[in-house]
Amino acid sequence: MATSTLSRAAKALLAPALALGATVGLASAPASAAVWNSCDQWGNTTLNGYTLYNNIWGSGAGSQCVWANSGTNWGVWANHPNTGGIKSYPDAKKVINKPITSLTSLTSSYNVTVPSSGAYNTSYDIWDTAHAYEVMLWVNKTGAVGPLGTSQGTVTLGGSTWTVYKGNNGSNDVFSFIRSSNSSSGTVNILPILKWIKDTKGWFGNVTIGDVQFGYEITSSSGGLDFVTNNLTVSSG
């Protein structure tokens, strides 16, 4: 089962001295030329409104490189050992900075190509500006991975059916929505999920949504595996 999910958005901006022992090796970028690539532990850039992070934050990590043709078309090559524990969360982030009640819409579409081996999940990671609450939406998962906390049952929201988990990692509350079946492409209506947490469950109030991240929470990818975001859009109103 996956260990605690930390504030990756904050960690990506911290000094490497605070890293949890992650080590970064060298690997080649994709054969096709990308406009940006990085094998640095905290490598990041901003492209057409999305911030990309390599974001190797877990202990015992191996090599990982991220490449991007744009903020909405990017990928990762990762070679992390099968030793348990989350190694990284390479992701693209879109800043929202609106209270839930001020949002009239918040949607995202994704299209990914992911490996059939390894241990990982493809997920949205949604944060409030205070980093007190984390909402994860797992659209697919492979291998020995699982959410933090205890099951709260199932719910159909935002265009999919999810099993909901509620937990706390010592830094923030974590609400994980695990899709009932794996999906490599689709559209998620995120706002009804946030309103369900706020209004139906009362797990938080009218928090300000800081950003929506989308990426790959990788536990192991021995031998080197490719994760490709063919297209990603995050839209709010």
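Here, every reference points to the structure presented above.
A few points on the structure. As the structure is a prediction and not an experimental result, all values here were calculated from the model.

What counts as what
In this numbering scheme, every chain counts its residues from 1 along its sequence in written order. Reporting in this predicted model follows two pLDDT cut-offs: at least 70 for local features of residues, and 80 or more for side-chain atom pairs to be given and counted; totals over whole chains, interfaces and linings ignore these cut-offs and use all residues. As a convention, hydrogens and water are excluded, and side-chain values are obtained from all of the structure's heavy atoms. What counts as a helix is a DSSP run of H or I of at least four residues, what counts as a strand is a run of E of at least two, and both are numbered from the N terminus. Here, two residues are considered to be in contact whenever any of their heavy atoms come within 4.5 Å of each other. The method behind every accessible area is Shrake-Rupley, applied with a 1.4 Å probe, and residues are considered shielded solely by the protein chains displayed. Only Phe, Tyr and Trp rings are paired, with Trp represented by its six-membered ring, and only when their centres lie within 6.5 Å; those with planes under 30 degrees apart are stacked, over 60 edge-to-face, the remainder tilted. Each residue is placed in one exposure class: buried if its accessible area under a 1.4 Å probe, protein chains only, is under 20% of its type's maximum, exposed if it is over 50%, and partly exposed if it falls in between. Joining through side-chain atoms within 4.5 Å is the link that ties buried Ala, Val, Leu, Ile, Met, Phe, Trp, Tyr and Cys residues into a set, and such a set is a nonpolar core. The rule for pairing is simple: two strands pair if DSSP sees at least two bridges between them. Under this scheme, a helix contributes an axis fitted over its contacting stretch, all axes are lines through C-alpha atoms, and angles between N-to-C directions fall in the 0 to 180 degree range.

Secondary structure summary: the protein chain contains two helices and 15 strands in total. In the protein chain, once contacts between residues fewer than 6 apart in sequence are set aside, the share between residues at least 24 apart is 69%. Of the roughly 9,000 Å² of accessible surface on the protein chain, a fraction of 49% belongs to carbon and sulfur atoms.

Right, let's get into the packing of aromatic side chains. Throughout the structure, instances matching the rule amount to 14 aromatic pairs. Taken together, a centroid distance of 5.1 Å and an interplanar angle of 15 degrees make the contact between Phe175 and Trp203 stacked. Here Phe175, found in strand 12 (residues 173-179), pairs with Trp203, found in the loop between helix 2 (190-201) and strand 14 (208-220); they are 28 residues apart in sequence, far enough to count as distant. Here the two residues Phe175 and Trp203 agree in accessibility, since each one is buried. Pairwise contacts between aromatic rings join Trp74, Tyr110, Tyr120, Tyr124, Phe214, Tyr216 and Phe227 into one cluster.

The next point concerns the nonpolar core. One broad trend across soluble globular proteins is that nonpolar side chains are buried collectively. Judged by nonpolar contacts, the single largest core of 47 residues is most densely connected at Tyr124, Leu137 and Phe177. The next biggest cluster of nonpolar side chains, apart from the first, holds five residues, and it includes Ala119, Met136, Trp138 and Val145.

In spatial order, the strands read 2-3-6-14-8-9-12-11-10; together these nine strands make up an open sheet with mixed pairing. At either margin of the open sheet sits one strand with a lone partner, and together these are strand 2 (44-47) and strand 10 (150-157). Within this sheet the neighbouring strands show an average axis-to-axis angle of 25 degrees, counted without direction. When strand 11 (residues 160-168) meets strand 12, the two strands line up antiparallel, connected through seven bridges.

What follows concerns the sheet that holds strand 1 (residues 36-38). Strands sit in the order 1-4-5-15-7-13 across an open sheet of six strands; the sheet is antiparallel. Looking along the sheet, the strands with just one partner apiece sit at the ends: strand 1 and strand 13 (185-189). Direction aside, neighbouring strands of the sheet carry axes that sit 20 degrees apart on average. Strand direction decides the pairing type here: strand 7 (residues 106-113) and strand 15 (residues 225-236), joined by eight bridges, are antiparallel.

This brings us to the side chain of Ser221. Within the secondary structure, Ser221 sits in the loop between strand 14 and strand 15. The exposure class assigned to Ser221 is buried, which follows from its relative accessible area of 0%. Residues within four places of Ser221 in sequence aside, it is in contact with Ala78, Asn79 and His80.

Everything listed here is a matter of geometry and, on its own, says nothing about what the molecule does.
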